[in-house]
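# A structural walkthrough
What follows is each chain in one-letter form.
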Amino acid sequence: MIPRLHEISNTQTLYLNFLRRLEKDGFKGDISPEYSERVVSATDNSIYQVLPQGIVCPKNIDDLVLLARLSQEDPFQQVVLSARGGGTGTNGQSLTDGLVVDISKHMNTILEINADERWVRVQTGVVKDQLNAALKPYGLFFAPELSTSNRATIGGMINTDASGQGSVMYGKTRDHVLALKTVLLDGTVINTAPVESTELTQLISGQDRIASIYQTVADIYDQHREEIKALFPPLNRCLTGYDLAHIRDEQQRINLNNVLCGSEGTLGFITEAKLNVLQIPKTSALVCVQYGDFETSLRDAQALMACHPTSIETVDSKVLGLAKDDLIWNSVAQFFPEPTGQTVAGINLVEYTADTDEELKQKVAVIQKELDATCGKAGKAIQYAIAWGHEQVNQVWNMRKKSVGFLGNAQSEARPIPFVEDTAVPPENLADYIMEFRAILDEYNLQYGMFGHVDAGVLHVRPALDMKDPEQEKMVRVITDRLVSLIRKYNGLLWGEHGKGVRSEYAPDFFGNLYPQLQKIKQAFDPRNQLNPGKIATPLESPVQLLKIDEVATRGQLDRTIEQDSWQQYSESMYCNGNGACFNYDSADAMCPSWKATRIRKYSPKGRSSLIREWLRLLSDKQVDTVQESGIANYISWPVSFIPRLFNTLKKHNGEYDFNHEVYDAMSTCLACKSCTGSCPIKVDIPESRAKFLHLYHARYLRPLKDYLIGSLEFLMPTLALWKDIYNKPIRWTPVKWFLRHVAGMVDSPLISDISLKQEMKKHQLPWATALNISRLSKEQKSKAVIYVQDAFTSYFDTQVVVDTLLALRALGFHPMVMPYMANGKPLHVHGFLSRFQKTAFKTADKLKKLQNTGIPLIGLDPSTTLTYRAEYQKYLEGNPVNVMLIQEFLSERQDVFADKTLHSEDAFHILGHCTEKTNAASSIQQWQQVFKVIGLTLNEIKVGCCGMAGTFGHETRNQDISRKIYELSWQGPVKNPKNQGKLLTTGYSCRSQVKRYEHQILLHPMQQILKSLSETND
Ligand SMILES: Cc1cc2nc3c(=O)[nH]c(=O)nc-3n(C[C@H](O)[C@H](O)[C@H](O)COP(=O)(O)OP(=O)(O)OC[C@H]3O[C@@H](n4cnc5c(N)ncnc54)[C@H](O)[C@@H]3O)c2cc1C
Ligand code: SF4
Ligand code: SF4
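Scope of this entry: the structure provided in the associated data block. What you see is a predicted model; the values in this text were computed from it and never measured.

Moving on, we get to the overall build of the protein chain. Counting secondary structure elements, the protein chain contains 50 helices and 26 strands. In terms of overall dimensions, the protein chain is globule-like: its C-alpha atoms have a radius of gyration of 30 Å, near the 31 Å expected for 1019 residues. Each of the three principal axes of the protein chain carries a C-alpha extent, and together these read 95 × 75 × 55 Å. Of all 1019 residues assigned to the protein chain, the portion counted as buried reaches 61%. Total accessible area on the protein chain stands at roughly 38700 Å², and carbon and sulfur atoms take up 51% of it. If you average the places of the 111 positive and of the 114 negative side-chain charges in the protein chain, the two averages end up 7 Å apart.

In structure tokens:
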């Protein structure tokens, strides 16, 4: 059995005392020195891994003032504090070995929208897309764009001076900041906006920290004006991080906001921002131009700039190829038609925005004329296509935004990593610079993909390195140093838009004689170097050095200590690169319900994969081979293991620490909804790692009773159904309910259906899929035959749905047959009964394969159960996979059979998608829409996240709060909306159960609606 893991790195006494004082002094937010939370906060999207001493999540500005003041008291002057937003930095910006101050968790309110004056006031934990969703009804938006817009915070954007696509038109974050509220380290709250000279005189006359700060920056600008002018390159991406060039604005007012923007948490905690917002252009178009090679696309971008677009982005063949392998390609393929006889190796995405269709057409006509005249010529594009309107344009941008993720999903140990990923040069130098850049990477035989903002001269490049290999790790220094020289040659910058972080090492070199001026600023704000030290600049009088790119601990250094076999066994989680896509703020997006409901980072795919990695590392330290342990756990008998497990479990109840419990806790809140597997760009599969972990955890600790109940349910159902009254009646009795809730750990157990599938099949003369019945099919019947594969939940708890589905199939012209019931095993997998799952899968797959060999298609109704056949069955069984189609996949392939059933109806319905289905079978909603369209019905999608039930998760006592919270996030609204009554459809058994128990409403399955509509017409 796996050992107890208690040799962890404990929080230092200094920090424990600090956290205790915080609590004592009335800190309202969350305080956590827990190891699991620290592990999860030890990474961002960079190559680094730095374990903090603890995490605090302030509730409000008073908490930050308290935190700052306390850090100035005598015993705590060595305490280090690093603010954190979304944690999406690519260069260790928010990593610290001190305290993480997570501003995103509680301080995320949009405080004021002034549509008339076009500004907004927000707390800095607000996510960029959250803000734009709130602004949309006013026709306004916050313009600076970045690929991480669904999880990066305004605080993070301000502190890295973020920008991205469209920056030539809209500028950087700094250009939209009107005022900031910042907590300084002495506890002073400073409000900053441009200051006229009279006000400056007044401010400087004081004796406090504010006076000293204003005096310092004014002096720097006034004394070094010429030097500053001479140093800063004329780039769209000007040098940020204490932006000396913009200390005074055009009206010569001192603007401290320009110093704070890009300061990466080294000057203070920025708590509120007043931001300038713009009118959303009414319409847009995206010209998708294809090229035979990447260099041509780079060079042609300069020519296309003459056609005055809003922005131009480029993507190379590598990224394009990976995008084509992703489900997202379905939504954009039409804009990238394959040219005959030529290979596309680069694309330019040229965007136009306008307030009227007419204006848009006129603007696009300019580039159309240019492209029509040049396409096919040497050094020009092959062909182009145009996406018209926001919806189509956003589809392509979403594909582009996922590009970094695609790169991270390379299928080898060498993965694309950020360290020189956002260099910027004047756009006219870009093509030459990139050719030399590529030559350097080619010299070291490194793989890479490239994409970026050609209009601004910023190209994103992530060379692939296996950071577990010490030799490859050295390349970070080699490549960066060579790149720095190359950038100098082309008059550019190492940090085009992602900020400096650990790369601040190069700041003294880039700033030259002006670097001491940066140090003076740091000194004025943070004389003891307590705020995110080692980044941007050190205080002038401090002997401490900036961090160095190869002296900060990397993830690779820790990962390489994990046993190879264990690394491979858990490979589905090992490659999480911390890009944070699983912290998506949008409640109508399926990704990750447990994170959304709790806002606790360890309850996210990133959190869980970080914990699995650390768990494997601690096990490897003890020379434990998890592959071997899993094998032993498979064979060791229950009576043999019971006594030691009981003993260990008693110690657990007595509070004995074991890191295994921290991992168990994080896994227990996972719904196994598989949205991570479908939506994560790296395809991190937490349910798979969770199953393997639980398998080993319960070889050491006893399982709760509910696990056995859930695991055996599928096998008990046929027998329970025979005695349904004996099951259904007691389950409603209060003492039984009490027992189930408090002892068995289950609530709201569903009742077995009143009707029996067997009897209904007899009544409607629906045949079983037996060898005899199949052999008796006529050729005509066989061509329309389809075998329905039952799942336990729908067959026994929602039998009417199965009957209606079979009747609907018949009404559509098919010949449905029913496979005799066999357990699928999904609940066993979810709870980590892996050997029983494998045996079940083997047996069921054997039967399915026999039926599959008849040539008749197999279909399943419940999405999660059906998708198990193609996902988990594939992993656990050798040989040919079984192909059980989702019903809509089958119907959309066989539209010919029911093309004559068109109803010419005005009826429109709304589908609430099932999260596993939407994320793991991306076309599923479109397929239903297509099927409905053929029948003559309209089906619209209402975007929702997870319903909160996810199999049996919502029935477990301990999950009640989280299950309801998830339901309330996105399902409750549309279900309660009176306008939707009788119109809502959903495919999942779980989703229907959840709506039934919370709203007492029955939602129909789309097949039931089809049957209803067909029957009503026939009546
Ligand atoms: C896949 C990917 C794509 C990216 N694409 C872009 C892009 O297109 N454009 C771009 O500009 N960047 C991009 N980035 C980088 C990153 O998303 C941005 O730097 C972003 O602005 C960081 O926001 P965050 O909320 O995650 O901040 P964090 O990473 O949490 O913090 C960033 C810095 O800000 C500080 N900070 C955060 N909040 C506060 C606060 N309230 N007060 C004081 N200091 C604070 C932190 O200490 C840290 O130094 C990308 C990153 C990834 C992983
Ligand atoms: S789990 Fe996936 S989406 Fe989340 S941080 Fe890791 S790689 Fe990104
Ligand atoms: S399976 Fe669902 S709940 Fe679990 S980590 Fe993945 S997205 Fe989150």
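This part takes up the site of ligand 3. For ligand 3, the set of nearby residues contains 13 residues, the closest of which are Cys592, Arg608, Cys670, Cys673 and Cys676. Every element with two or more residues in the shell around ligand 3 is listed here: helix 25 (605–621), helix 29 (675–679) and helix 30 (686–700). Here the residues of the shell around ligand 3 are counted per class, giving 9 nonpolar, 2 polar and 2 charged.

Counting 110 residues, the largest nonpolar core has Ile154, Leu244 and Tyr433 as the members making the most contacts within it. The element best represented in this core is helix 8 (residues 209–231), accounting for 8 residues. Formed by 43 residues, the second largest nonpolar core is a distinct cluster that contains Ile612, Trp615, Met667 and Tyr697.

Since the α-helix turns once every 3.6 residues, residues separated by three or four places project in the same direction. Restricting attention to buried positions, one finds in helix 4 (residues 128–135) the residues Lys128, Leu131, Asn132 and Leu135. Along helix 4, the residues classed as buried sweep out an arc of 95 degrees about the axis, all on the same side. On its buried face, helix 4 sits against strand 5 (110–114), strand 6 (119–123), strand 7 (140–141), helix 5 (154–160) and strand 10 (269–276).

Inspection of the entire model under this criterion finds 61 salt bridges. Measuring nitrogen to oxygen at the nearest pair gives 3.2 Å for the salt bridge that ties Lys622 to Glu7. Taken together, the positions of Lys622 in the loop between helix 25 and helix 26 (626–635) and Glu7 in the segment before helix 1 (13–24) put the pair 615 residues apart, joining distant regions of the chain. Accessibility expressed as a relative area gives 49% for Glu7, which makes it partly exposed. Where Glu999 meets Lys976, a salt bridge forms, and the shortest distance between an N and an O atom there is 3.3 Å. Taken together, the residues Glu999 in helix 49 (residues 989–999) and Lys976 in helix 48 (residues 972–976) connect sequence positions 23 residues apart.

Closest axis-to-axis distance for the helix 25/helix 30 pair is 11 Å, and the angle between their directions is 40 degrees. In this view, helix 25 runs oblique relative to helix 30, as classed from their interaxial angle. By crossing handedness, the relation of helix 25 to helix 30 is classed as left-handed. Judged by residue contacts, Pro605, Arg608, Ser609, Ile612 and Trp615 of helix 25 engage Ile686, Ser689, Phe693 and Leu696 from helix 30. When the residues that make up the contact of helix 25 with helix 30 are grouped by side-chain class, the tally is 6 nonpolar, 2 polar and 1 charged.

Spatially, the 6 strands line up as an open sheet ordered 15-12-14-13-17-18, and their pairing is antiparallel. Strands with a single pairing partner mark the edges of an open sheet, and in this sheet they are strand 15 (383–388) and strand 18 (458–461). Going across the sheet, the axis of each strand differs from the next one's by a mean of 20 degrees, ignoring polarity. Note that strand 17 (residues 450–453) and strand 18 share 4 bridges and pair antiparallel. If you follow His453 over to strand 18, its bridge partner there is Val458. Set on the sheet, helix 10 (residues 294–305) makes contact with strand 12 (283–291), strand 13 (311–316), strand 14 (346–354), strand 17 and strand 18; between it and strand 13 the angle comes to about 175 degrees. Helix-sheet contacts for helix 16 (residues 430–443) involve strand 17 and strand 18, and the interaxial angle to strand 18 is about 20 degrees.

Further remarks concern a nonpolar patch on the surface. A surface patch of nonpolar side chains, about 470 Å² in accessible area, is lined by Leu705, Leu709, Trp738, Phe739 and Val743. Among the elements that line the nonpolar patch, the one with the most residues is helix 33 (residues 734–744), at 3 residues. Classification of Leu709 as partly exposed rests on a relative accessible area of 35%.

Further remarks concern helix 41 (residues 863–870). Burial of helix 41 is extensive: 7 of the 8 residues sit out of reach of the surface. If you check which residues of helix 41 are buried, you get Pro863, Ser864, Thr865, Thr866, Leu867, Thr868 and Tyr869.

What follows covers the environment of Ala590. Here Ala590 is to be found in the loop between helix 23 (571–574) and helix 24 (593–598). For Ala590, a relative accessible area of 5% corresponds to the buried category. Sequence separation between Ala590 and Cys947 is 357 residues; the distance between their C-alpha atoms is 9.3 Å. Those residues in contact with Ala590 that lie beyond four places of it in its chain are Lys596, Ser675, Cys915, Thr919 and Gly945.

Turning our attention to the pairing of strand 2 (residues 54–57). Alternating residues of strand 2 divide into Gly54 and Val56 and Ile55 and Cys57, and every residue in both groups is buried. Pairing between strand 1 (residues 30–32) and strand 2: 3 bridges, direction antiparallel. Note that in strand 2 the partner of Ile31 across the bridge is Val56. The pairing of strand 2 with strand 4 (residues 99–102) spans 3 bridges and is classified as parallel. Note that in strand 4 the partner of Ile55 across the bridge is Val100.

Moving on, we come to the state of the cysteines. The final tally for this structure, using the stated rule, is 0 disulfides. Free cysteine Cys947: the closest other cysteine sulfur is in Cys991, separated by 4.1 Å. By relative accessible area, which is 4% here, Cys947 ends up buried.

So, about the sheet that holds strand 2. Taken together, the 4 strands give an open sheet; going across it, the order is 1-2-4-3, and neighbouring strands pair in mixed fashion. The sheet terminates laterally at strand 1 and strand 3 (81–84), the two strands that pair on one side only. In this sheet, adjacent strand axes meet at a mean angle of 20 degrees when their direction is disregarded.

Rules used throughout
Residues numbered from 1 in each chain as written. Chains lettered and ligands numbered in written order. Predicted model: local features only at pLDDT ≥ 70, side-chain atom pairs only at ≥ 80, totals over all residues. Heavy atoms only, no water. Helix = DSSP H or I, 4+ residues; strand = E, 2+ residues; numbered from the N terminus. Rg over C-alpha atoms; globule rule 2.2 N^0.38 Å. Buried < 20%, exposed > 50% of the residue type's maximum accessible area, 1.4 Å probe, protein only. Areas by Shrake-Rupley, 256 points an atom, 1.4 Å probe, with all protein chains shown as cover. Lys, Arg positive; Asp, Glu negative; His and termini not counted. Charge placed at Lys NZ, Arg CZ, Asp CG, Glu CD. Near = heavy atom within 4 Å. Nonpolar A, V, L, I, M, F, W, Y, C, P; charged D, E, K, R; others polar. Core = buried A, V, L, I, M, F, W, Y, C linked by side-chain atoms within 4.5 Å. Arc of directions from axis to C-beta. Contact = heavy atoms within 4.5 Å. Salt bridge = Lys/Arg side-chain N within 4 Å of Asp/Glu carboxyl O. Axes fitted to C-alpha atoms, helices over the stretch in contact; angles between N-to-C directions. Parallel < 35°, antiparallel > 145°, perpendicular 65-115°, else oblique. Left-handed = near helix turned anticlockwise from the far one by under 90°. Pairing = 2+ DSSP bridges. Patch = residues over 30% accessible without salt bridge, like charges linked within 9 Å, V, L, I, M, F, W, Y side chains within 5 Å. Disulfide = S-S within 2.5 Å.

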